[in-house]
Amino acid sequence: MIRTPHKPPARVAVVGAGMVGLSTAWFLQEAGVEVTVLDRSGVAAGSSWGNAGWLTSSLATPLPEPGILKYGIRAMFSPSSPLYIPPTADPRMLRWLARFARNCTSARWNKAMRGMLPLIQGARTAFDALEAGGVTARTRPADPLTVAFRRARDSEGLLEEFAHLRATGRPVDFYILDGADARNAEPSLSDEITRVVLLRGERLIDPARYVRAIADSVRERGGRIVEGAEVRTVRPTPSGVTVAGEDYDSVVLAHGAWINRLARQAGVRQIVQAGRGYSFTVKTDQMPEGPLYFAKQKVVCTPLGDRVRIAGTMEFRDVGAPKDPRRVESLVAQTRVLLRGARLDDRQDEWVGARPCTADGLPLVGAGKDPRVYVAGGHGMWGIFLGPVSGRLLAEEIATGHRPEALRAVDPLR
């Protein structure tokens, strides 16, 4: 049998102008491909905007972890819970929740961890490539990243998780402080905190600024970004695909929690569920020296300029549902107890965004059934961290016709 040589595409459309879509477009340009990026809203308008901006290999884990089911089903239906599941009769949501629950076992979590490992190992070098190639934004050290606990025993789950990570080949560099030493390590912590776990070697970004910088670089290198373009269908043609009335050789679907309809057209059976997170910014009397994570409450705090972005919660709800003020109130109540001097009654940039979550916790990166249609999504909370490496590997697959080994576990058709 004679195999037809792969012909690299000359023109590719990318649907989605967040971190994943724009990174894919940028690395396609590195391969000499002409790109057009289309987005229903605008650059960094979705979950890329309100993200905490952490680039942390120590905390990047699959969402369906064994501890979730131990947390208690009843608690998940409370609007004040860090993980909230509103009552629903949506059959697609119920199917996704059933699959998600089946993946909340140690064996499946460890399997997903092994699948994520190649992406995590290549994540930092992908950021380095962007910055060396002309993207003007920069990552910065988050050293240390402080994980804070009200009680020492509350840290047991995190320390067990670190042991599992080391077993899968991921080094985790941390040390522990208790009592007054814990609070002295980060003066912005309240007196409620009795233990901190300090992570070394992590980094962070201002996510909206970084994504906009990638967009600027894509434009400077001849790429086109079309905002306000909602893509409702991808139509195959004899020579390629038609997207938003224009013909291309291939298309990449990278539009986050809105990906389901077009991905199904590409033969993807995995459901991407919106895991909605909330955030806002405040001024504080005592600016944190670095990023903070209150692990038990699932609240993160990131210093951005003269304000702190406070983000958290996971709410499984329809992607287009209105903001639930109870979720903001819960985030405020938790922060008031944990963070010293936060001016929580003077909030700005209040936001809700839909993280695209898969039931097994692994993203979807690669070709669909039609080899001209590719998928890049489902990264959950880690689209900012894993977006550039996903884009780099997918651009390699599109340009060469060969799937990198690092994408094997995240095949969209699995």
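Look up: the structure comes first, before these words.
For the structure given in this document, a descriptive report is provided here.

The rules behind each value
- Residues numbered from 1 in each chain as written.
- Predicted model: local features only at pLDDT ≥ 70, side-chain atom pairs only at ≥ 80, totals over all residues.
- Heavy atoms only, no water.
- Pairing = 2+ DSSP bridges.
- Helix = DSSP H or I, 4+ residues; strand = E, 2+ residues; numbered from the N terminus.
- Axes fitted to C-alpha atoms, helices over the stretch in contact; angles between N-to-C directions.
- Parallel < 35°, antiparallel > 145°, perpendicular 65-115°, else oblique.
- Left-handed = near helix turned anticlockwise from the far one by under 90°.
- Contact = heavy atoms within 4.5 Å.
- Nonpolar A, V, L, I, M, F, W, Y, C, P; charged D, E, K, R; others polar.

All right, on to the sheet that holds strand 1 (residues 11-15) then. Spatial ordering of the open sheet is given by 10-2-1-14-21-20, a layout of 6 strands whose pairing is mixed. What marks the edges here is a single partner per strand, and that holds for strand 10 (224-227) and strand 20 (364-367). Pairwise comparison of adjacent strand axes, ignoring direction, gives a mean angle of 15° for this sheet. Relative to strand 14 (residues 250-253), strand 1 is paired through 4 bridges, and the arrangement is parallel. Pairing of Val12 across the sheet is with Ser250, part of strand 14.

Here we take up the sheet that holds strand 13 (residues 246-248). Pairing is antiparallel in the open sheet, where 3 strands are placed in the order 11-12-13. A strand with exactly one partner marks an edge of an open sheet, and here the two such strands are strand 11 (234-237) and strand 13. Taking the axes of each pair of neighbouring strands and ignoring which way they run, one obtains an average angle of 30° across the sheet. Alignment of strand 11 against strand 12 (residues 240-243), held across 4 bridges, turns out to be antiparallel. Bridge pairing links Thr237 to Gly240 in strand 12.

For any two helices packed against each other, the geometry is given by the interaxial angle and the distance between the axes. Axis separation between helix 1 (residues 19-30) and helix 8 (residues 207-220) bottoms out at 10 Å; the angle between their running directions is 30°. Judged by the angle between their axes, helix 1 and helix 8 are roughly parallel. Considering only the axes of helix 1 and helix 8, their crossing is left-handed. On the side of helix 1, the interface is formed by Met19, Leu22, Ser23, Ala25, Trp26 and Gln29, while helix 8 contributes Tyr210, Val211, Ile214, Ala215, Ser217 and Val218. Per-class residue counts for the contact of helix 1 with helix 8 are 9 nonpolar, 3 polar and no charged.

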